[in-house]
Amino acid sequence: MAAGEQCDVKGNIEILNLDMKPGNTLKVKGKIPADTLGFSINLGCNSRDLAFHFNPRFNESVIVCNSKCSDCWQTEHRDRHLSFYRGSTVKFFIEMLSDKFRVKLPDGHEVYFPNRHGYRKINYVSIHGGLKMISFKLS
């Protein structure tokens with residue numbers, strides 16, 4: 001699936017040639033199943049080195065953000081503003097800035113997470129868990 005394509009996928013998605021740079025925004029639209037525990041979106045160089053792990057968890061009513069270096073998780077950031085709901089269709093945006101990531105949630109609330117690795121380019125994205133993708137666009 002190329003960035004910007006329409007899709008209808010539930011499960012795991014992995015893209016190895018994203019080419020996301022500071023100033024780019026990833027626009028995600030999807031359906032959250034009624035029985036999901038959560039989902040995650042990971043941005044980085046590969047699955048072992050992630051600049052940004054975005055993980056809404058419905059069973060804990062929290063959004064967990066983290067990074068991973070050489071397959072080792074770093075310190076979690078937890079945001080209690082969970083504006084995702086089971087059984088709903090959502091649209092949200094992940095913007096890469098020079099020093100951080102900004103996520104604009106469906107209700108307009110913003111979550112920030114530092115670019116701990118100082119990456120200037122993100123090639124890898126993966127989406128796991130309970131988010132049935134409708135559209136995905138990098139701009």
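Residues numbered from 1 in each chain as written. Predicted model: local features only at pLDDT ≥ 70, side-chain atom pairs only at ≥ 80, totals over all residues. Heavy atoms only, no water.

### Things to note about the packing of aromatic side chains
- What the rule picks out here adds up to eight aromatic pairs.
- Each member of the aromatic cluster is reached from another via a ring pair, and the members are Phe 39, Phe 52, Phe 54, Phe 84, Phe 92, Phe 101 and Phe 113. (Phe/Tyr/Trp six-rings, centres within 6.5 Å; stacked < 30°, edge-to-face > 60°.)

### Looking at a positive patch on the surface
- The grouping of Lys 27, Lys 29, Lys 91 and Lys 137 at the surface amounts to a positive patch.
- By the secondary structure assignment, Lys 27 is in strand β3 (residues 25-31).
- Residue Lys 27 is classed as partly exposed on the basis of its relative accessible area of 32%. (Patch = residues over 30% accessible without salt bridge, like charges linked within 9 Å, V, L, I, M, F, W, Y side chains within 5 Å. Areas by Shrake-Rupley, 256 points an atom, 1.4 Å probe, with all protein chains shown as cover. Salt bridge = Lys/Arg side-chain N within 4 Å of Asp/Glu carboxyl O. Lys, Arg positive; Asp, Glu negative; His and termini not counted. Charge placed at Lys NZ, Arg CZ, Asp CG, Glu CD. Helix = DSSP H or I, 4+ residues; strand = E, 2+ residues; numbered from the N terminus. Buried < 20%, exposed > 50% of the residue type's maximum accessible area, 1.4 Å probe, protein only.)

### Things to note about the environment of Gly 23
- Within the fold, Gly 23 resides in the loop between β2 (13-15) and β3.
- Remark: the alpha-carbon pair of Gly 23 and Met 96, spanning 73 residues in sequence, is separated by 5.8 Å.
- Each residue touching Gly 23, except ones within four places of it in the same chain, is listed here: Glu 95, Met 96 and Ser 139. (Contact = heavy atoms within 4.5 Å.)

### Let's talk about the nonpolar core
- Among the nonpolar cores identified, the biggest contains 34 residues, and Leu 43, Phe 54, Phe 84 and Phe 92 are the most heavily contacted of them.
- With four residues, the single largest contributor to this core is strand β9 (residues 89-96).
- Each residue touching Phe 92, except ones within four places of it in the same chain, is listed here: Leu 26, Lys 27, Val 28, Phe 39, Ile 41, Phe 54, Phe 84, Val 103, Lys 104, Leu 105, Pro 106 and Leu 131. (Core = buried A, V, L, I, M, F, W, Y, C linked by side-chain atoms within 4.5 Å.)

### A look at the side chain of Glu 95
- Among the secondary structure elements, Glu 95 is positioned in strand β9.
- Contacts of Glu 95, omitting those with residues within four sequence positions, involve Met 20, Gly 23, Asn 24, Thr 25, Lys 100, Phe 101 and Arg 102.

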